Amino acid sequence: MNQQLLKYYADIFALMSKIEQRDSSTLVGMVEVSSDNIDKLNRLVAVDLCSAGIDLYKDGMLEATKQLPDFEFDEKYAEFHLQIELTAEKIHDKFFICKDWDTLLSYPQYILEPVTAIFISNDNALYSADMPSPKFKRYQHIAKVCQLIKQVSNDITSSQEYLIIFGQSLNINFQVNSTVLEYDIEPELLEELLTADLHKEAKTALVREALVSFLKQQDQKYRFTHLLTHFNAFSTQLLTSYEQYVSNYSFDKVRREYQEKKTEYIVKINKIFDEVATKTFAIPAGVWLAASQIQEAQVNTLGFYKNITFIIIVLVLGIIVCLNLFGQFSSLNALKGEYEPLFKRLEDEVGSDKDDFETSRSELSRRFEVVWWKLAFSVIISIVLFIVVIVLACKAVP
């Protein structure tokens, strides 16, 4: 079933007269015989929204019984009426047919994940995102409130109740009725509040505190309904708490976090060179070995080939060490890309008084430059020492 079929259902229902509820799942009524109506009924029969058996009436008298889609329109039936049976309630993926909103809201999954379109027979109305109405918009906003509660809940019980803990435990289940659709619900501000990274953990705690404070006196069955029908009051209370938290968020807390991060990143920067420092000793050790073993020898003699072997050994050692050093340059730059935006965010939180923070950032930059030049110097020394070995080997050839 798709939204177009739901529209066909709504069109047929609007044309029906003498509608009766035969049982909980079937609606019976009369529609005029027309080519357009027959085409729509055939489509509804194909998805089990209409019974295939139809009765033809003329002037209130039963004339014949036919089957869809075998029955075809003919002009001789122009003054006839069809008695049809429509499915009274149908759930299909994101589309829903039922008699009233309470039926839809009795399914918790369709509160948490709203349907795309719904036909309410008592209202004789089709509601969808493509045809917005205040009631359908409120229904969609209920789902957003559900997602906010899921986001801040500490746990979910076996009975699908969301557990909020702040000083005391509070269970919330998504059980509501259609009365909540008469109240405007505007969750966008709270969505924006919770999705922003700044003070994220604190904001989650504030929402939990506000929920417990706002709903703890309510009976568990009516907590979610009370929240929705008084959502503006809840939002005001929460935003007031958040503004108070922000005003009390002291500079010292930010500075303490900043100092901790600065110390952490200075250690990481120093560690980048320390990790390869011992490996760089392989170069002078290799040079010393080569210098002590290279002997004067004629070309194509055993001594000559020994000298070549020593050169190759030193070359391999130099390449390995240099590759390690170049890899540390990448790690150093990645570390810089990690701490700079972090410290920029912390500076933005403290406002205008940034002198201590700028001094700390300068210290980190100096440490970065020192380690960078240490690595560069190590690479240069490795290359120079290898050249020394080459020169020694050349001098050994008479």
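Residues numbered from 1 in each chain as written. Predicted model: local features only at pLDDT ≥ 70, side-chain atom pairs only at ≥ 80, totals over all residues. Heavy atoms only, no water.

Visitor: Before we move on, could you go through the overall build of the protein and cite the residues and values that matter?
Guide: Each helix and strand in the protein was counted, giving 13 helices and 12 strands. Evaluated residue by residue, the protein yields a buried proportion of 41% over its 398 residues. When contacts within the protein are restricted to residue pairs at least 6 apart in sequence, those whose partners lie at least 24 apart make up 67%. (Helix = DSSP H or I, 4+ residues; strand = E, 2+ residues; numbered from the N terminus. Buried < 20%, exposed > 50% of the residue type's maximum accessible area, 1.4 Å probe, protein only. Contact = heavy atoms within 4.5 Å.)

Visitor: I'd like a rundown of the layout of surface pockets, residues and numbers included.
Guide: In this structure, the largest pocket encloses a volume near 210 Å³. Surrounding the largest pocket, Ser17, Lys18, Glu20, Val28, Gly29, Met30, Tyr57, Lys58, Asp59, Gly60, His81 and Gln83 form its lining. Contributing elements (two or more residues each) for the lining of the largest pocket: strand E1 (17–23), strand E2 (26–32), strand E3 (53–58) and strand E5 (81–87). Of the residues contributing to the lining of the largest pocket, the split by class is three nonpolar, five polar and four charged. (1 Å grid on protein atoms, 1.4 Å probe; cavity = no way out; pocket = protein on both sides within 12 Å on 5 of 7 lines; lining within 4 Å. Points joined across faces, edges and corners; volume = space filled by probe spheres on them. Nonpolar A, V, L, I, M, F, W, Y, C, P; charged D, E, K, R; others polar.)

Visitor: Would you mind going over the pairing of strand E8 (residues 117–120) in detail, with residue names and values included?
Guide: Moving residue by residue along a regular strand, the side chains alternate between the two faces of the sheet. The side-chain alternation of E8 yields two buried faces, one formed by Ala117 and Phe119 and the other by Ile118 and Ile120. In this structure, strand E7 (residues 95–98) lies alongside E8, joined through four bridges in parallel fashion. Residue pairing across strands places Cys98 opposite Ile120, the latter belonging to E8. (Pairing = 2+ DSSP bridges.)

Visitor: Could you give an account of empty space enclosed by the protein, naming the residues involved and the relevant values?
Guide: The final tally for this structure, using the stated rule, is one cavity of 30 Å³ or more. If you add up the space inside the largest cavity, you get close to 90 Å³. Taken together, Val145, Leu148, Ile149, Val152, Leu190, Leu194, Val207, Leu211, Leu227, Phe231, Phe234 and Leu238 form the lining of the largest cavity. At the level of elements, helix H5 (134–152), helix H6 (188–195), helix H7 (200–215) and helix H9 (231–248) are the ones that each hand at least two residues to the lining of the largest cavity. In terms of residue count, H5 provides more of the lining of the largest cavity than any other element does, four residues in total. When grouped by side-chain class, the residues that make up the lining of the largest cavity number 12 nonpolar, no polar and no charged.

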